[in-house]
Amino acid sequence: METVAVIFGGRSTEHDVSVVTALASIIKPLELTKKYHVEAIYIAKDGSWYWDEKLKDISLFSSGQIQDFIRRSNPVSVQFDGGMKLVKSSGMAGRKQVKKIDIAFPSMHGTYGEDGALMGLLDMAGIPYVGCGLRAAAITMDKVLAKEVASANNIPVSKFISLTKRELEQNGSEQLKHIEKTLKYPLFVKPAHLGSSIGISRVKNDTELRNGLEVAAHYDDKIIVEEAVNNLIEVTLPVMGNDEPIPALLEKPLTNPEDFFDFDTKYINGGKKGKGAKGAQGYSQLPADLGKDLYKKAEQVGLDAYKALDCSGTCRIDLLIDSKTNEVYFNEANPLPGSLYAHNWNKAGVSSVELVQKLIDFAKDKFDENKALTTSFNTNYLKQF
Amino acid sequence: MFKQVTSLYLPGYARTLVYMLQSTEYQVEPYIKWIHRTKNFRAVSYRRELAKTKAAQGLLYALRLGILIEILAGVALIILGINKTIAGGIFFGAVVIVIYPFVWAYLLVVPLILGRYLVSKPQAQRDITTASQIFKDHPATKIAIAGSYGKTTMKELLLCVLSEKLNVAATPANKNVSVSHAKFAKGLNRDEDLLIIEYGEGEPGDVKRYSELTHPNRGVITGLAPAHLDKYKTLKAAGEDIFSLADYLNNKNVYVYEDSSTKDFIKKPYHVFNQSGALGSKISDIKVGIDGTSFTLSKAKKSLKLKSGLIGRHQVAYLAFVAVLALDLGLSEEQVISGIAKTKPFEHRMQPYELNGAWILDDTYNGNLEGIKAGTRLLAELKAKRKVYITPGLVEQGEETEKVHLEIGNLIAKSEPDLVVLMKNSVTQYIEKGLKDEGYKNELQIIDDPLDFYVNLKHIVAGGDLVVMQNDWPDNYV
């Protein structure tokens with residue numbers, strides 16, 4: 001039986017969302033396949049790694065006992081000699097527990113996880129892993145780069161400007177003027193690398209713009225400012241697969257354009273502003289009621305963006321639609337959608353168990369393809385020295 | 001072995017014993033049998049917990065007190081032995097302590113037996129005598145319902161539809177034995193137009209006793225299937241007991257669901273209802289969906305279009321009978337249409353709900369072969385991308401166990417599910433064989449931990465799935 005390591009937590013503002021994704025949507029369904037040994041690897045907020053059966057229990061996190069666990073446990077070290085091995089000191093006569101990992105299932109959102117950092121590590125280890133590779137993860141997690149790549153592939157994007165934190169600090173007024181000259185209000189101001197709607201503002205005037213830029217710069221060193229799409233319909237499309245991506249269902253959050261999803265709306269209030277049922281994305285229209293032609297068009301833009309961004313495994317593509325002109329714009333991509341967007345896949349006819357199984361299969365296929373590539377060749381170059 | 005032995009001395013042992021007694025409905029014989037076959041008392045109370053009723057809590061306190069006294073007595077003997085006050089005190093004290101789990105497992109039933117014979121039974125007998133007079137004097141029409149299955153459904157349907165016009169009282173939930181009938185009688189106001197009394201047969205002679213207690217003037221027999229065969233031994237014996245209701249009514253005003261199992265018991269004066277008609281009316285145009293069942297009921301040139309929230313073709317015979325009886329009892333057509341429209345699936349009886357986009361038909365309260373026939377027929381009839389059938393099998397099938405479960409396997413295979421899930425127990429092998437004999441080739445899963453499976457069902461199903469989930473296998477069955 002192969003061993004799958006589900007890696008979650010991490011040094012990211014989306015640490016908590018990552019825990020929920022791993023425990024609610026990945027570990028249990030993986031265990032239910034009865035095909036894998038599933039190991040839970042938790043990366044604490046300080047970056048230390050832990051490996052323990054107890055980490056599969058959500059109450060350890062929801063009760064706050066995780067801090068006691070961290071205090072009492074020894075972090076694990078990771079070896080990369082011929083694959084990936086976890087090494088844990090058992091505390092008994094210096095004995096060590098070693099576990100070889102066959103497949104990694106990253107459940108990391110945001111920095112040091114979803115952004116390609118973890119994928120790079122797993123590439124170096126030489127084991128298959130679920131989801132986008134380093135390149136796609138790095139591009140999709142940079143909202144500016146993602147839009148530039150989409151645009152270069154003739155996928156429509158809304159008008160945008162990017163600036164760095166340094167530029168803002170050194171030359172704030174000029175930047176503000178440039179933005180106001182180039183783009184029309186209302187605007188969205190976002191940290192370029194963060195997901196889960198953290199640090200995002202919708203601004204309608206220069207005062208709000210200044211504040212929005214300040215908030216975004218607090219979280220990231222790169223900021224994107226986008227023009228809002230008129231007559232907006234916001235939809236999102238989870239996609240999975242490698243060379244032949246499969247779409248789930250287009251989903252439409254049922255909020256007003258001005259009430260775009262911030263973190264609390266998305267994850268704490270179950271998708272509703274104010275009180276609502278618990279759970280991510282609990283308030284949406286699924287499938288989105290767009291009419292047959294517009295639905296098809298939006299789905300195609302989503303699939304085109306998935307391919308253009310070189311995604312593999314899974315990714316969620318967010319789209320903006322102008323309901324009057326029926327123009328569909330690529331907005332952003334999430335290489336690891338919260339809770340794998342299992343609710344959407346379930347509705348589309350893919351159970352949570354099938355979903356994780358398919359993602360593992362895609363990971364293996366991608367790994368086999370990459371393994372077949374030549375990565376070195378002999379030269380006489382060194383002989384001249 | 002170590003775990004098994006230590007399970008006798010755990011603090012939760014007393015609670016486990018009371019739980020076992022409660023799960024067997026305080027019946028001594030099944031409780032003792034369960035005790036004998038249990039190896040590890042840790043694993044007994046797995047799917048459910050002790051319900052904290054007064055009786056259970058009283059027993060638990062008494063048991064804990066008894067155990068404590070015995071342990072203290074053992075300790076006292078050991079001390080006296082150490083002090084050489086009693087020769088062999090250490091040995092006897094140790095024995096007293098070691099044997100307490102065995103002693104109290106049996107002693108627990110002593111107050112129960114005494115209480116039953118000295119207090120409960122005489123009191124119940126007095127209540128029953130009083131109730132018999134109440135029923136006899138009550139001016140209402142009294143409809144008794146007997147049968148191996150479908151009694152509660154029939155009762156609820158009659159109650160729902162007839163209440164559109166009449167003042168109807170019915171025995172609550174599945175309270176259907178003499179003691180419950182007596183309690184029901186106590187609560188009557190005498191102004192009711194109609195009483196509906198459910199008879200829960202369990203052993204030969206039950207239905208005759210219920211009839212003599214409740215004095216019905218109409219009787220409905222809902223069907224015959226292998227149930228409680230531990231006591232009845234044969235289906236014929238069960239049928240004879242159920243049809244003793246007709247004997248009590250001198251074969252007048254007897255309404256019987258007609259199928260192959262009841263056919264031999266039906267006499268000429270009985271009124272019958274079946275899948276094609278009820279009491280002379282014909283059923284046609286049946287449509288079954290996840291949202292309910294519709295059909296047309298016609299007699300001579302008159303016809304009535306009816307729609308119920310109940311799901312399944314098998315429900316139509318009962319619904320048609322209730323509609324015709326309601327008309328016979330003076331309800332208008334509008335009242336019948338409205339009453340039938342209000343009928344909804346009962347909890348855990350062909351109850352539909354959506355889970356992650358999949359439709360689940362929860363029929364876990366079903367406990368008989370007829371229900372399985374209906375469930376598998378429904379699975380075959382409804383359209384779905386993937387069809388799943390889940391069952392642990394049927395308990396209490398006595399000598400018919402193997403035969404019944406081979407047939408269940410055949411029925412499941414004929415409904416052509418994409419996935420069959422069986423909860424592992426003593427009957428699984430027969431269902432498996434039945435599936436194989438009928439040529440079932442799709443996926444089969446056998447589950448060791450039913451609780452874990454049901455909890456995680458949400459991870460296994462998805463949009464387009466139809467899951468029929470039938471029967472329950474309580475902790476006290478192997």
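Quick caveat, the model's predicted, so the values are computed rather than measured.

Participant: Mind showing me how you'd approach the environment of B:A317 here?
Facilitator: Residue and element names in this part refer to chain B. Within the secondary structure, A317 is located in helix 14 (residues 315-328). A317 gets classed as buried once you look at its relative accessible area, which sits at 0%. Spatially, the C-alpha atom of A317 lies 6.8 Å from that of G277, the residues being 40 residues apart in sequence. If we ignore the near neighbours within four places in the chain, the residues touching A317 are Y257, F273, N274, Q275 and I283.

Participant: For this particular structure, what's the right way to read helix 10 (residues 292-308) of chain A?
Facilitator: Structural remark: α-helix, 3.6 residues per turn; residues separated by three or four positions point the same way. All names here are of chain A. Under the 1.5 Å per step criterion, the end-to-end length of helix 10 is 24 Å for 17 residues, consistent within 8% with the ideal 24 Å. Here helix 10 has its buried residues at L294, Y295, A298, E299, V301, G302, L303, A305 and Y306. Residues of helix 10 that are buried sit in contact with strand 12 (232-240), strand 13 (246-247), strand 16 (314-322) and strand 17 (327-334).

Participant: For this particular structure, what's the right way to read the interface of chain A and chain B?
Facilitator: Put simply, an interface is often sized by how much accessible area is lost when its parts join up. Contacts between the two partners involve 14 residues from chain A and, on the opposite side, 14 residues from chain B. When chain A packs against chain B, close to 900 Å² is buried across both sides, 51% of that on carbon and sulfur atoms. Counting every contact that joins chain A to chain B gives 2 salt bridges. The salt bridge involving B:D452 is made with A:K28; its shortest N-O contact spans 3.8 Å. Summed over the shared surface of chain A and chain B, the result is 5 residue pairs in polar contact (both at pLDDT 80 or more). Ranked by residues supplied to the side of chain A that touches chain B, first place goes to helix 1 (residues 15-32) of chain A with 4 residues. Across the side of chain A that touches chain B, the residue classes break down as 6 nonpolar, 4 polar and 4 charged.

Participant: Hey, could you run me through helix 12 (residues 235-242) of chain B in this one?
Facilitator: Residues and elements named next belong to chain B. Those residues of helix 12 lying buried are A238, G239, D241 and I242. All buried residues of helix 12 lie within an arc of 160° about the axis, which places them on one face of the element. Buried residues along helix 12 sit in contact with strand 1 (141-146), helix 10 (206-214), strand 4 (218-221), helix 11 (229-232) and helix 13 (244-248).

Rules used throughout
For every chain, the first residue of its written sequence is number 1, and the numbers climb from 1 along that sequence. A letter from A marks each chain and a number from 1 marks each ligand, given out in the order of writing. Whole-chain, interface and lining totals are the exception, using all residues; otherwise, since this is a predicted model, local features are given only for residues with pLDDT of at least 70 and side-chain atom pairs are given and counted only at 80 or more. The basis for every side-chain value is the complete set of non-hydrogen atoms in the structure, without hydrogens or water. The way it works is that DSSP assigns letters per residue, a run of H or I at least four long becomes a helix, a run of E at least two long becomes a strand, and they are numbered from the N terminus. Buried means the residue's accessible area, taken with a 1.4 Å probe over protein chains only, is under 20% of the maximum for its type, while exposed means over 50%, and partly exposed covers the values in between. Note on contacts: a residue pair is in contact if any heavy atoms of the two residues lie within 4.5 Å. Residue count minus one, scaled by 1.5 Å, sets the expected span of a helix. As a working definition, buried area equals the accessible area (1.4 Å probe) given up by two parts on being put together, with both sides summed. Salt bridges are counted wherever a side-chain nitrogen of Lys or Arg sits within 4 Å of a carboxyl oxygen of Asp or Glu. The term polar contact refers here to a pair of N or O atoms within 3.5 Å; inside protein, the definition further demands a hydrogen-donor-capable atom paired with an acceptor-capable atom, and it admits residues adjacent in sequence only when both atoms are side-chain atoms. All amino acids are sorted into three groups, where Ala, Val, Leu, Ile, Met, Phe, Trp, Tyr, Cys and Pro are nonpolar, Asp, Glu, Lys and Arg are charged, and the leftover types, Gly among them, are polar. What the arc measures is the spread of directions leading from the helix axis to the C-beta atoms.

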